Amino acid sequence: MSCSDGAHTFLGPYTKPAASLPPIASQEFQVLVDGDSAGTYPNRQQVISNETDWTSYWRQVHASVTLPPILSVDFAADDVLALSEGRQPTTGYDLKVTSIGASSIGTAVDVTESIPSIGCKVAN
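Residues numbered from 1 in each chain as written. Predicted model: local features only at pLDDT ≥ 70, side-chain atom pairs only at ≥ 80, totals over all residues. Heavy atoms only, no water.

Draft legend 1. Layout of the overall build of the protein chain. Counting its regular elements, the protein chain contains one helix and seven strands. Secondary structure elements of the protein chain, listed N to C terminal, follow the sequence β-β-β-β-α-β-β-β. Every one of the 124 residues in the protein chain was classed for burial, and the buried ones make up 15%. (Helix = DSSP H or I, 4+ residues; strand = E, 2+ residues; numbered from the N terminus. Buried < 20%, exposed > 50% of the residue type's maximum accessible area, 1.4 Å probe, protein only.)

Draft legend 2. Focus on the sheet that holds strand β3 (residues 25–27). Reading across from one edge, β3-β6-β7 is the order of the three strands in this open sheet, with antiparallel pairing throughout. Each edge of the open sheet carries a strand with a single partner, namely β3 and β7 (106–114). Each strand of the sheet is rotated relative to its neighbour by a mean of 30°, with strand direction disregarded. (Pairing = 2+ DSSP bridges. Axes fitted to C-alpha atoms, helices over the stretch in contact; angles between N-to-C directions.)

Draft legend 3. Main features of the confidence of the model for the protein chain. Looking at the protein chain, pLDDT values average 80 and 77% of them are 70 or higher. Mean pLDDT per element in the protein chain: strand β1 (residues 2–4) is the minimum at 57, and helix α1 (residues 51–61) is the maximum at 91. (pLDDT = per-residue confidence, 0-100.)

Draft legend 4. Inspection of α1 at higher detail. Within the span of α1, buried status applies to Trp54, Tyr57, Trp58 and Val61. Axial view of α1: buried residues confined to an arc of 100°, hence all on one face. What points out from α1, more than 90 degrees from its buried face, is the exposed set Thr52 and Arg59. Lining the buried residues of α1 we find β4 (43–48) and β5 (80–85). Between the side-chain oxygen of the N-cap and the backbone nitrogen of threonine 52 there are 3.2 Å, and the N-cap of α1 in question is asparagine 50. (Arc of directions from axis to C-beta. Contact = heavy atoms within 4.5 Å. Polar contact = N/O pair within 3.5 Å; in protein donor to acceptor, adjacent residues only side chain to side chain.)

Draft legend 5. Region of interest: the environment of aspartate 74. Assignment of secondary structure puts aspartate 74 in the loop between α1 and β5. On the basis of relative accessibility, which here comes to 45%, the residue aspartate 74 falls in the partly exposed class. Through-space distance from the C-alpha of aspartate 74 to that of serine 49 is 9.4 Å; in sequence the pair is 25 residues apart. A polar contact of 3.1 Å, which involves the side chain of aspartate 74, links it to the backbone nitrogen of alanine 76.

Draft legend 6. Broad picture of the packing of aromatic side chains. As enumerated under the stated definition, the model contains two aromatic pairs in all. Seen in terms of ring centroids, tryptophan 54 and tyrosine 57 are 6.4 Å apart; in terms of plane orientation they differ by 15°. Their pairing is stacked. Taken together, the residues span about one helical turn, with tryptophan 54 and tyrosine 57 both in helix α1 at a distance of three residues. The class for tryptophan 54 is buried, based on a relative accessible area of 3%. Aromatic pair tryptophan 54 and tryptophan 58: ring centres 5.4 Å apart, planes at 55°, arrangement tilted. Of this pair, tryptophan 54 and tryptophan 58 both sit in helix α1, four residues apart, roughly one helical turn. For the pair tryptophan 54 and tryptophan 58, one class covers both residues: buried. Among the aromatic residues, those joined into a ring-pair cluster are Trp54, Tyr57 and Trp58. (Phe/Tyr/Trp six-rings, centres within 6.5 Å; stacked < 30°, edge-to-face > 60°.)

Right, here's the structure in full:
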């Protein structure tokens, strides 16, 4: 798992919060785009909460291909969390959001990152 505060990226397993923290309520989420594509995805995590930023992000990641129709998002009700690893040297890399939880102090996103080991058969 990794997370970023904008200046630092933290890697490591998820640790349950201390009992003194407010309870975390599980949030439903929908995956809008999953998997590899011919787009130009940056290596970053970004919360997108308005149409202008969503349109900009959509155009950026599809700059090298024919621009597909933008996916509709109701930003009055939802935000988009854009997670991507950027271009990797082989296949076998994957990010998967396993849960999202919210409390009175913020939102926690649990992400599993898969990286192929030396023994994995991968394509270039």
